[in-house]
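# Architecture at a glance
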Amino acid sequence: MLLTISTTVRPATDLGFLLHKHPDRVQEFGQSYGTARVFYPEAGEERCTAALMLDVDPVRLVRSRGRSTPDYALGQYVNDRPYAASSLLAVALADVFRTARTGRCDSRPELAAGPIPLEITLPVLPCRGGPEMAHRFFEPLGWTVGAQTVPLDEGFPEWGDSRYVRLSLRGEVRLADALNHLYVLLPVLDDAKHYWVASDEVDKLIRAGESWLAAHPDRSLITRRYLGRRWALARTAFARLAELGDDVEEDLEPPVEEDPAADPGPTADPPPSEPAGEPPVVPTGELPAVSAGEAPGERDAAPKRPLNVLRREAVLGALAESGAHSVIDLGCGSGQLVGALLDRPEFTKVAGVDVSAQALAIAARRLRLDRMPDRRRERLQLFQGALTYTDDRFAGYDAAVLMEVVEHVDPPRLTALERVVFGAARPGHVIVTTPNAEYNVRYDFLEGMRHPDHRFEWTRAQFQAWAAGVCREYGYHVAFRPVGDDDPELGPPTQMALFGRGSAANAGGGDD
């Protein structure tokens, strides 16, 4: 199976630095089921292409299941795994381009940190649900997608199409993000994995998807497919995204399968343990529809409400109390709060602004901007802007919301944000939410801050000190409210400040 990655960034041979693979050499990497090779079919100043070719040994693939697991099914000997991109290629990609996936490149740090023109091709990719699934999964991530169905046999067109596609992706994307997109979405499109899906797959998914999965409109389907429809694992992943993601909305009830394709097949018992570092292999078609280890009634357990839902409800409640009729969401992300505001007719003018064009594109798709009724559309404005630069479009609103935004701003730039929002735009009410750093110890799986893009996270005392300084400088008053479970020792997971320019009695309650 073959994967090619091309770029036209100049000099194009810098792709070798980003991938940590020299264009002048063919490099080999042994896998438990074959050999992965990286080479460069072309390497010039104007265009460079790196190829990852995975040579799968079918016999080694069968033997990797373990000697104590007899299986005489023909499918383990006759299958598409040596020829079609699948989880085998995803695992090889993760191994071969391990450093590139982290976005680290000491010799070209600026190039690694930003988007570059990329073209990715996969000649044969199993795609359950057809080419439209490839468009559905990759386009929200900024890719222009080409997906053509591969016929069963070109000599016999009457036989129809196969379940495979030829996939091409073009776009300006950070290379590390592109590799992580492939790592997650190759097995998702195939809707199968060659190894048993265990609890550590949740960590792999969160790590690979931390910069994009939370905002993806199909994150629910992606998560369920990646985790083999094991609801216990999917629920854990949803909860982690909802609690730690800045802009995630997820219904944690067991979903109705929205995938148009057929049933995934019978469940399988987990294979015996394998040596450390090598995942046990499960033949094609034997992934479980639900976890064999789920306790009876687990599907019926009432899940905890996601923190982001509580946060959004708290903001909407505070806006309603303020009496505001026009609201601007500063840092609107994928538009969930904007959509909630539009659902309430008392908000007659709603705006969403974000520095990311990709986030605004996702918001437009989420809000169905192209099909939005005229009366609803007239109340809405979406535009791109930076919150650290004065912009006349920010002014004229009764209230502004900074929901999980300030912690993404470099501390030296906070003064500029304060001046733009509280000094220039100067709405009657400003609502700010931010993580409470003291509460982080309650997350057993958390190391460091809650999001890789956070520049800082404040304790309650630090947040209140910052808010007091804003009030002194710009003539506001402030009240504070908890969001989420208010731990008697550590406080709530999210802290919310309600700023107002009227009398303090109208600030929305809470403790000054």
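The model shown is predicted, which means the values in this text are computed figures rather than measured ones.

## Some words on the overall build of the protein chain
Of regular secondary structure, the protein chain possesses 16 helices and 14 strands. Every one of the 512 residues in the protein chain was classed for burial, and the buried ones make up 54%. Put simply, the protein chain shows about 22,800 Å² of open surface, and 51% of that area lies on carbon and sulfur atoms.

## Focus on the sheet that holds strand 9 (residues 349-354)
Pairing is mixed in the open sheet, where 7 strands are placed in the order 10-9-8-11-12-14-13. The two strands at the open ends of the sheet, each matched to only one other strand, are strand 10 (380-384) and strand 13 (477-483). Averaged over all pairs of adjacent strands, the angle between strand axes in this sheet comes to 15 degrees, irrespective of strand direction. Bridge count between strand 11 (residues 399-403) and strand 12 (residues 429-435): 5 bridges; the pairing is parallel. From the neighbouring strand, M403 faces strand 12, where its bridge partner is T433. The sheet strands contacting helix 13 (residues 357-366) are strand 9 and strand 10, and the helix crosses strand 10 at an angle near 155 degrees. Against the sheet, helix 16 (residues 460-474) contacts strand 12, strand 13 and strand 14 (494-500), and its axis sits at roughly 15 degrees relative to strand 14.

## Brief notes about helix 16
The end-to-end C-alpha distance of helix 16, which contains 15 residues, comes to 21 Å, matching closely the 21 Å that a straight helix rising 1.5 Å per residue would cover. The inward-facing, buried residues of helix 16 contact helix 15 (414-425), strand 12, strand 13 and strand 14. Just beyond helix 16, the residue with positive phi is G475, at close to 80 degrees.

## Thoughts on the packing of aromatic side chains
Scanning all chains against the criterion turns up 11 aromatic pairs. Ring geometry for F463 and F480: centres 5.8 Å apart, planes at 70 degrees, overall edge-to-face. Of the two residues, F463 sits in helix 16 while F480 sits in strand 13, which places them 17 residues apart along the sequence. With relative accessibility at 14%, the residue F480 sits in the buried group. A centroid spacing of 6.1 Å and a plane angle of 85 degrees characterise the contact between W466 and F499, whose relative ring orientation is edge-to-face. A residue pair is termed long-range when its members are at least 10 positions apart, and W466 in helix 16 and F499 in strand 14 qualify at 33 residues. Take F499: its relative accessible area is 2%, and that puts it in the buried class. Through pairs of rings, three or more aromatic residues link up here, namely F422, F456, W458, F463, W466, Y474, Y476, F480 and F499. Above the ring of Y183, the side-chain terminus of R101 is found at 4.3 Å from the ring centroid. Seen from the ring of Y226, K193 lies directly overhead, with NZ or CZ sitting 3.2 Å from the centre.

## Section: a nonpolar patch on the surface
The grouping of L152, F156 and W159 at the surface amounts to a nonpolar patch, some 340 Å² of accessible area in total. Tracing the chain through its elements places W159 in the loop between strand 6 (144-151) and strand 7 (161-173).

## Side note on the environment of R312
With respect to the secondary-structure elements, R312 resides in helix 11 (residues 307-322). R312 sits 91 residues away from M403 along the chain, and the two C-alpha atoms are 8.3 Å apart.

## A look at the pairing of strand 1 (residues 2-7)
Buried residues dominate strand 1, accounting for 5 of its 6 residues. Bridging between strand 1 and strand 4 (residues 48-56) involves 6 bridges; their strand directions are antiparallel. Opposite T7, over in strand 4, you have C48 as the bridge partner. Examined bridge by bridge, strand 1 and strand 5 (residues 116-126) share 4 bridges and lie antiparallel to one another. Note on strand 5: the bridge partner recorded for I5 is I120.

## Brief notes about the sheet that holds strand 4
Sheet architecture is open: 7 strands sit in the order 2-3-4-1-5-7-6, paired in antiparallel fashion. Two strands close off the open sheet at either side, each with one partner strand: strand 2 (27-31) and strand 6. Averaged over neighbouring strand pairs, the angle between their axes works out to 15 degrees when direction is ignored. Taken together, the 8 bridges between strand 3 (residues 34-43) and strand 4 define a ladder with antiparallel strand orientation. Counted as the bridge partner of R37 is M53 from strand 4. Packed onto the sheet, helix 3 (residues 87-96) meets strand 1, strand 2, strand 3, strand 4 and strand 5 and runs at close to 125 degrees relative to strand 4.

## So, the environment of F383
On the secondary structure map, F383 appears in strand 10. Separated by 30 residues in the primary sequence, F383 and V353 place their C-alpha atoms 5.1 Å from one another. Those residues in contact with F383 that sit more than four places away from it in its chain are I328, A351, G352, V353, D354, L360, R393 and F394.

## Comments concerning the packing of helix 7 (residues 175-190) against helix 9 (residues 219-226)
Interaxial distance between helix 7 and helix 9 falls to 9 Å at its minimum, and their mutual angle equals 75 degrees. Accordingly, the angle class assigned to the pair helix 7 and helix 9 is roughly perpendicular. Between helix 7, through Y183, V184, L185, P187, V188 and L189, and helix 9, the contact on the second element is made entirely by I222, R225 and Y226.

## Brief notes about the pairing of strand 8 (residues 326-330)
Of all 5 residues making up strand 8, 5 are buried, and the element is well covered by its neighbours. Here strand 8 shows a buried face lined by S326, I328 and L330 and a second buried face lined by V327 and D329. Taking the sense of rotation as the criterion, the β-α-β connection linking strand 8, helix 12 (residues 336-342) and strand 9 turns out right-handed. Bridging between strand 8 and strand 11 involves 3 bridges; their strand directions are parallel. Each bridged residue has a counterpart across the sheet, and for V327 the counterpart in strand 11 is A399.

## What to know about unusual backbone geometry
R10 connects to P11 through a cis peptide bond whose omega is -5 degrees. When you line up the elements, P11 lands in the loop between strand 1 and helix 1 (15-19). Residue H20 is not a glycine yet carries a positive backbone phi of 60 degrees. Among the secondary structure elements, H20 is positioned in the loop between helix 1 and strand 2.

Parameters and conventions
- Residues numbered from 1 in each chain as written.
- Predicted model: local features only at pLDDT ≥ 70, side-chain atom pairs only at ≥ 80, totals over all residues.
- Heavy atoms only, no water.
- Helix = DSSP H or I, 4+ residues; strand = E, 2+ residues; numbered from the N terminus.
- Buried < 20%, exposed > 50% of the residue type's maximum accessible area, 1.4 Å probe, protein only.
- Areas by Shrake-Rupley, 256 points an atom, 1.4 Å probe, with all protein chains shown as cover.
- Pairing = 2+ DSSP bridges.
- Axes fitted to C-alpha atoms, helices over the stretch in contact; angles between N-to-C directions.
- Contact = heavy atoms within 4.5 Å.
- Expected span 1.5 Å × (residues − 1).
- Phe/Tyr/Trp six-rings, centres within 6.5 Å; stacked < 30°, edge-to-face > 60°.
- Lys NZ or Arg CZ within 6 Å of the ring centre and 35° of its normal.
- Patch = residues over 30% accessible without salt bridge, like charges linked within 9 Å, V, L, I, M, F, W, Y side chains within 5 Å.
- Salt bridge = Lys/Arg side-chain N within 4 Å of Asp/Glu carboxyl O.
- Parallel < 35°, antiparallel > 145°, perpendicular 65-115°, else oblique.
- Right-handed = clockwise from strand over helix to strand, strands pointing away.

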